[in-house]
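Coordinates in review
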Amino acid sequence: MRIRMGLLQVLVVCGLVVAPGLPAVATTSATSAASASTEAAGAVGGDSGTSGAVSSGNEASANDAQDGVELRFMDRPVVTFRGTLAGATPAVRAARARAVLDSLPGNAFDAPVDVLRASLGGVSGVAFRVQDRILFGLTADDLAPGDPRTLDAAVDDVQKNLQVAFAARREQLHWPTILRGVALSALALVVLAVLVIGVGRMRTRLETRLQSAFEKRILQRTARSFDWTGSAVHLVHQVVQIGAVCLALAFSYLYLIFVLMQFPASQPMAGRLSDFLWALVDRFGIGVAAAIPGIMTVIVIFLLTRALQSLLNNVFDAVQSGRLTIPGMHPETAGATRRVVSVVVWGLAITFAYPYMPGAQSDVFKGLSVLLGLMVTLGSSGIVNQLMSGMVVIYSRSLKKGDLVSIGDATGVVVSVDALSVKILNLAQESLTIPNAVVVASTVRNFSTQGRGAAITTTLTIGYDTPWRQVHAMLIEAAGHTPHVADQPAPYVLQRALSDFYVEYEVFAALRDPSARFAAISALHENIQDVFNRYDVQIMSPHFEEQPQSPLTIRPEHWYPAPAHAPADGAPSSSLSPVASQEQGAGHAR
């Protein structure tokens, strides 16, 4: 063993002398130089026992050589190992150096860092020594590819890094530094507590003012329409609470940075936290500045679209009111056309503005667009069918708001014609919603005024023993006494059939107000009975078995048996007011 160590000492000394370009290292004595050279050779090259153990990790060694293994002491960077020396990988070299640094005694951090130059196996390197301990070695292979520095410059940088780390270690073990850090941390904790308490009180005061303003506005409100104040105040409450929490967390983060800066061992951590904070602020500021041109473009696009929409609204309002005539556009369809054009205009505006919106090119935005497109594709077939049917209903002008219509088995007044359905109100004051597809597939009967007026009809069968001219005259008289029946065109009667037992008559009368159709029909039936009773003509429809001895009619003096009440002025029932007749007709319809 002694012979092996002696040979190793001779090789190191020869390498120091023969190695070209390596300046001589100042030595104190031959014994100390030989001893230091022996330790340097061991630190730079490693021993034969470890080389065999590390040789099996060629893949890990290649990765370490490419990326490097950083040696840190007191959380400060010292050196990065990239080369394999005497079979020792960068990871092994870093672990050995860290173990040596951790085992240094306290007085070693006051000693200077010496540099020893040595050569082993044809590889020239530098060893760093403190007192009588070799810390680690550095070779030219440890320099990063493309690093313009020379080995001497890298050695100077590593030496400075060691001195900085040793100075931090000395300060960390210095009691006045520790006491000063603890005192400043306690003072900062007090300041943090005051700030957090201030934020809490400010949040409470702001919420109190918001609540009082909300209550004052509620007391001033007299309308029954929906008020957005409550929702807005609730949203502001949430924003205030979130802002207070974020402000308290920001103060806590700054307090943590300040406390870590007071102790040398944690100063690098404080620097990293501070760099992260400033990088976040810098990135946010750059993002806001970069988004300003896009936001301005979006605002300009929307303002131009709004101006164009205002112009189109004026044109469609003029068409709807009849002040402007455009070929192919009717006042009844102007509202629907305006909605369609508005959707198209704003759709184009959103399409043009989309690339300029902040975050439009992000993966989140793209994923959301794909999701919405998929949802529309899968669930829009029924909606598109209803929309297209609604366009057919509107542009066919088969009905409009206020018309009295019959759609299938539903009859009532049209309340609204929407994009997906038609809402009507029937005689029982029930709101019926009919999908547009059903409206298109059904027969729509519109009883409202169109052309020269809407008409009401009723059918009556009278026996052959009554002259048809008398029947015609009585039916026309009954129609003339019916409220809501117009004078022009005059009522008329048609004989629809000559059946085996009777003649079928149908009376036609035009209405002044089509919405009173059912009340007018009821009043017409009442007047027909009164007129036929007054002229002693019996109504036996549709069949009878035996001709009675005398006509089965009701004399006028028997028209109001209990519990019916005769009119106060003695007027006949055929002269009832239109309102009363309409109410009676509505009651009969129910």
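From a predicted model like this one, the values you see are computed outputs, not experimental measurements.

How each quantity is defined
Residues numbered from 1 in each chain as written. Predicted model: local features only at pLDDT ≥ 70, side-chain atom pairs only at ≥ 80, totals over all residues. Heavy atoms only, no water. Helix = DSSP H or I, 4+ residues; strand = E, 2+ residues; numbered from the N terminus. Buried < 20%, exposed > 50% of the residue type's maximum accessible area, 1.4 Å probe, protein only. Contact = heavy atoms within 4.5 Å. Areas by Shrake-Rupley, 256 points an atom, 1.4 Å probe, with all protein chains shown as cover. Pairing = 2+ DSSP bridges. Axes fitted to C-alpha atoms, helices over the stretch in contact; angles between N-to-C directions. Expected span 1.5 Å × (residues − 1). Arc of directions from axis to C-beta. Bend = angle between axes of the 7 residues up to and from the residue. Patch = residues over 30% accessible without salt bridge, like charges linked within 9 Å, V, L, I, M, F, W, Y side chains within 5 Å. Salt bridge = Lys/Arg side-chain N within 4 Å of Asp/Glu carboxyl O. pLDDT = per-residue confidence, 0-100. Core = buried A, V, L, I, M, F, W, Y, C linked by side-chain atoms within 4.5 Å.

Details of the overall build of the chain
For the chain, the helix and strand inventory stands at 16 helices and 13 strands. Burial analysis of the chain (590 residues in total) assigns 32% to the buried set. Here the analysis covers contacts within the chain between residues at least 6 apart in sequence; of these, 61% occur between residues at least 24 apart. Approximately 35400 Å² of the chain is accessible, and the part contributed by carbon and sulfur atoms is 63%.

Concerning the sheet that holds strand E8 (residues 421–425)
Strand order across the open sheet formed by 5 strands is E9-E8-E7-E6-E10, with antiparallel pairing between neighbours. What marks the edges here is a single partner per strand, and that holds for strand E9 (431–435) and strand E10 (444–446). In this sheet, neighbouring strand axes are inclined to one another by 40 degrees on average, regardless of whether the strands run parallel or antiparallel. Note: strand E6 (residues 404–407) against strand E7 (residues 410–417), 4 bridges, orientation antiparallel. Of the residues in E7, the one forming a bridge with Val 405 is Gly 412.

Some thoughts on the pairing of strand E4 (residues 123–130)
Most of E4 sits inside the fold, with 6 of its 8 residues counted as buried. Judged from the 6 bridges that link them, E4 and strand E5 (residues 133–139) form a sheet pairing that is antiparallel. Within E5, the residue paired with Arg 129 across the bridge is Ile 134.

Regarding helix H5 (residues 90–102)
Between the first and last C-alpha of H5 there are 18 Å, a value that for 13 residues agrees with the 18 Å anticipated at 1.5 Å per step. Listed in full, the buried residues belonging to H5 are Pro 90, Arg 93, Ala 94, Ala 97 and Leu 101. Along the long axis of H5, the arc covered by the buried residues comes to 95 degrees, so they all point the same way.

Some remarks on the pairing of E5
Of all the 7 residues making up E5, 6 are buried; the element is thus mostly covered by neighbouring parts of the structure. Where E4 folds back on E5, the antiparallel hairpin that results is connected by 2 residues, among which Gln 131 adopts a positive phi of roughly 55 degrees.

Overview of the sheet that holds strand E13 (residues 503–510)
Pairing is antiparallel across the open sheet formed by 3 strands, whose spatial order is E11-E13-E12. Of all the strands in the sheet, just strand E11 (455–462) and strand E12 (492–498) have a single pairing partner and so form its edges. Between one strand and the next, the sheet's axes are offset by a mean angle of 25 degrees, whatever the strand orientation. In this sheet, E13 lies alongside E12 in antiparallel orientation, the contact comprising 6 bridges. Each bridged residue has a counterpart across the sheet, and for Leu 498 the counterpart in E13 is Val 503. Against the sheet, helix H14 (residues 468–480) contacts E11, E12 and E13, and its axis sits at roughly 30 degrees relative to E13. Strands E11 and E13 of the sheet are contacted by helix H15 (residues 517–534), whose axis makes an angle of about 30 degrees with E11.

Focus: helix H9 (residues 267–321)
Taking 1.5 Å per residue as the helical rise, H9 with its 55 residues ought to reach 81 Å, and the 77 Å between its terminal C-alpha atoms agrees with that figure. The largest bend in H9 amounts to roughly 35 degrees and is located at Ile 292, with the proline Pro 293 lying one to four residues further along. Among the residues making up H9, those that are buried are Pro 268, Ala 270, Leu 273, Ala 291, Gly 294, Val 298, Ile 301, Thr 305, Gln 309, Phe 316, Ala 318 and Val 319. The first or second residue beyond H9 is Gly 322, which carries a positive phi of 90 degrees.

Quick word on the environment of Gly 106
Examined against the element boundaries, Gly 106 turns out to sit in the loop between H5 and strand E3 (113–120). Distance from Gly 106 to Arg 170, taken between C-alpha atoms, is 8.1 Å for residues 64 residues apart in sequence.

With respect to a nonpolar patch on the surface
On the surface, Phe 284, Val 288, Ile 292, Ile 295, Met 296, Ile 299 and Leu 303 cluster together into a nonpolar patch covering about 670 Å² of accessible area. Inspection of the secondary structure assignment puts Leu 303 in helix H9. Relative accessible area serves as the criterion here: at 53%, Leu 303 is assigned to the exposed category.

Concerning the confidence of the model for the chain
Residues with a pLDDT of 70 or more make up 74% of the chain, whose mean pLDDT is 74. The least confident element of the chain, judged by mean pLDDT, is helix H1 (residues 2–18) at 36; the most confident is E12 at 91. Here residues 573–590 scores under 50 on pLDDT; set against residues more than four positions off or in separate chains, the count is 27 contacts.

Some remarks on the nonpolar core
Membership of the largest hydrophobic core comes to 30 residues, with the highest contact counts inside it found for Phe 128, Leu 135, Phe 136, Leu 162 and Phe 166. Top contributing element to this core by residue count: helix H6 (residues 151–172), with 8 residues. Once residues within four sequence positions are removed from consideration, Leu 162 is found in contact with Val 78, Val 113, Phe 128, Leu 135 and Phe 136. Ranked by size, the runner-up nonpolar core spans 22 residues in total, among them Ile 456, Leu 475, Ile 521 and Val 531.

Quick notes on the pattern of salt bridges
On inspection of all chains with the given rule, the structure shows 10 salt bridges. Here Arg 203 makes a salt bridge to Glu 207, at a shortest N to O gap of 3.4 Å. Taken together, the positions of Arg 203 and Glu 207, both in helix H7 (residues 175–220) and 4 residues apart, correspond to about one turn of that helix. Here Arg 203 falls in the partly exposed class, since its relative accessible area comes to 27%. One network of salt bridges, in which partners are shared, links Asp 147, Arg 149 and Asp 157.

Quick look at the environment of Leu 104
Tracing the sequence through the fold places Leu 104 in the loop between H5 and E3. When the C-alpha positions of Leu 104 and Gln 131 are compared, they lie 9.9 Å apart, and in sequence the two are 27 residues distant. Setting aside anything within four residues of it in sequence, one finds Leu 104 in contact with Phe 109, Arg 133, Leu 135 and Phe 166.

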